Amino acid sequence: MSDAAPALKEIFNQQRLVHIADAMREVYPAFDHPGFLKRASQGLAELSVMQRLARVSDSLHQVLPGPYEHSLELLYALAPRLDSRFVCMFLPHFVASHGTHDFARSMAALKFFTGFGSSEFAVRPFLVNQQAATLEHMYDWSRDPDEHVRRLASEGSRPRLPWSFRLERLQAEPGLAAPILERLRNDPSLYVRKSVANHLNDITKDHPQWVLQRLQGWPLEQPHTAWIVRHGLRSLIKQGERQALALIGAGARAEVQVKHFTVTPAALRLGERLELALELVSSSSQPQRLVVDYAIDYIKASGATSTKVFKLKTFTLPGQGRQALARQQQIREFTTRRHYPGRHLVHLLVNGERLASAHFDLLP
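Think of each chain on its own: its residues are numbered from 1, step by step along the sequence as written. Thresholds applied to this predicted model are a pLDDT of at least 70 for local features of residues and 80 or more for the giving and counting of side-chain atom pairs; totals over whole chains, interfaces and linings are not thresholded and use all residues. Processing note: side-chain calculations cover all non-hydrogen atoms of the structure and skip hydrogens and water entirely.

## Here's the deal with unusual backbone geometry
1) Next: In the segment running from Gly-66 into Pro-67, the intervening peptide bond is cis, with an omega of -5°.
2) Next: A helix here means a DSSP run of H or I that spans at least four residues, while a strand means a run of E at least two residues long, and both kinds are numbered starting from the N terminus. When you line up the elements, Pro-67 lands in the loop between α3 (49-63) and α4 (68-78).
3) Next: Residue Pro-265 is reached from Thr-264 by a cis peptide bond, and omega for that bond is -5°.
4) Next: Considering the arrangement of structural elements, one finds Pro-265 in the loop between β1 (256-264) and β2 (267-268).
5) Next: The backbone phi angle of Trp-163 is positive, close to 70°, even though this residue is not glycine.
6) Next: Within the secondary structure layout, Trp-163 lies in the loop between α9 (147-155) and α10 (168-172).
7) Next: Residue Trp-163 is classed as exposed on the basis of its relative accessible area of 53%.
8) Next: The phi angle at Asn-351 is positive, at roughly 50°, despite the residue not being glycine.
9) Next: Checked against the element boundaries, Asn-351 lands in the loop between β7 (342-350) and β8 (353-362).
10) Next: Given a relative accessible area of 1%, Asn-351 falls into the buried group. Partly exposed residues are those whose accessible area sits between 20% and 50% of the maximum for their type, while under 20% is buried and over 50% is exposed, using a 1.4 Å probe and protein chains only.

## Concerning the environment of Arg-55
1) Next: By secondary structure assignment, the location of Arg-55 is in helix α3.
2) Next: By the convention used here, residues are in contact when the closest approach between their heavy atoms is within 4.5 Å. When residues no more than four places from it in sequence are discounted, the contact partners of Arg-55 are Arg-39, Ala-40, Ser-41, Gln-42 and Leu-47.
3) Next: Polar side-chain contacts of Arg-55 include one of 3.4 Å to the backbone oxygen of Arg-39. In protein, a polar contact requires one atom able to donate a hydrogen and another able to accept it; more generally it is a pair of N or O atoms within 3.5 Å, and residues adjacent in sequence count only if both atoms are side-chain atoms.

## Focus on the sheet that holds strand β4 (residues 288-299)
1) Next: The strand order β2-β8-β7-β4-β5 describes an open sheet built from five strands, whose pairing is mixed. One side of each edge strand has no neighbouring strand; the edge strands of this open sheet are β2 and β5 (305-317).
2) Next: Relative to β5, β4 runs antiparallel, the two sharing 12 bridges. In the strand pairing of β5, Ile-299 is matched with Thr-305. One requirement defines pairing of two strands: DSSP has to find at least two bridges between them.

## Some thoughts on the nonpolar core
1) Next: Within the largest apolar cluster, 75 residues are counted, with the highest numbers of intra-cluster contacts made by Phe-36, Leu-60, Leu-75, Phe-90, Leu-91, Trp-141 and Leu-233.
2) Next: Other than its neighbours up to four places away in sequence, Phe-90 contacts Phe-12, Ile-20, Leu-53, Val-56, Ser-57, Leu-60, Leu-78 and Leu-82.
3) Next: Note on terminology: a nonpolar core comprises buried Ala, Val, Leu, Ile, Met, Phe, Trp, Tyr and Cys residues joined through side-chain atoms within 4.5 Å. In this structure, Leu-317, Val-350, Ala-356 and Leu-362 belong to the second largest nonpolar core, which totals 27 residues.

## Description of the sheet that holds β1
1) Next: The three strands are arranged β1-β3-β6 in an open sheet whose pairing can be described as antiparallel. This sheet does not close on itself; its edge strands, each paired only once, are β1 and β6 (322-330). Ignoring strand direction, the axes of neighbouring strands in this sheet form an average angle of 15°.
2) Next: Pairing geometry for β1 and strand β3 (residues 273-282), over seven bridges, is antiparallel. Its bridge partner lying in β3, Val-258 is registered against Leu-280. Only C-alpha atoms enter the line fits that serve as axes; for helices the fit covers just the stretch in contact. Angles between N-to-C directions range over 0 to 180 degrees.

In structure tokens form, the structure reads like this:
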């Protein structure tokens, strides 16, 4: 018997569709329960999770009575009765699909629904078609007392939001959404701070210098702001970008010696675990802020290599201090990475500088 976790798309399985239909009938007794289930269930097995989400939204639109504002009233009543935040995301999808003609009402609906299931995907069509007005609403959201609404302001305007299309104008002009990020740069909610950091990390893919210059003016002495900066610069830090390292206090060359850098076992097969171990010894009398990463040169089908950098530890090493570090990593397949047999080099990076290397052999 398999103990694998069910696919994410099964969150919209037949049982969940019945739950949605039952809840809808509670708020609207005349609801076409069988008609909704027939439409929502058709070809369900072949649909991805986002296709299933869209199918629920569209099936409701087909059976709910118009006009749009009346349907929204029913969905407002439905939201608190649903049993999953992810499932609730079909509600803002309904707004994006059927409410672009009624901008003010739809903005209010997206703000309301994001408290039950994020409206981050649904707000993006409005950013494409009515950018200035939508950004104005999103700036207002960034000042809202509800953390879900504040997060929507940052997450919905991310230029490279996963599972969604890119916002090309915001990608080309990061300053358009900058007032939102400025407003949220010291937000007390970790949920919001993670979004701001991810938004900044998105921008570093296209405009690294813009981000670095902007962050130089941020109050890094504030813990919440410093957290956002560390995580927002993670891609640049992995690349060893000196300005990024300097912003987190690790811009100086590390004065350390690497002792006993080992990568074991020397040979392994797919699915087995690799272990890295080392000791860093300070050669300075002063404390040092160190960002320690490691990189693996993965072999590609062509025989060339592709380097992937992994975080190991960020810490302050006391003057003349020592620090032992270790990490295990399973070598397994991902949808984004296939593994090929051969010798793989492993490099130790300290404050962006390669200080030691070792290798392991991946067996067929």
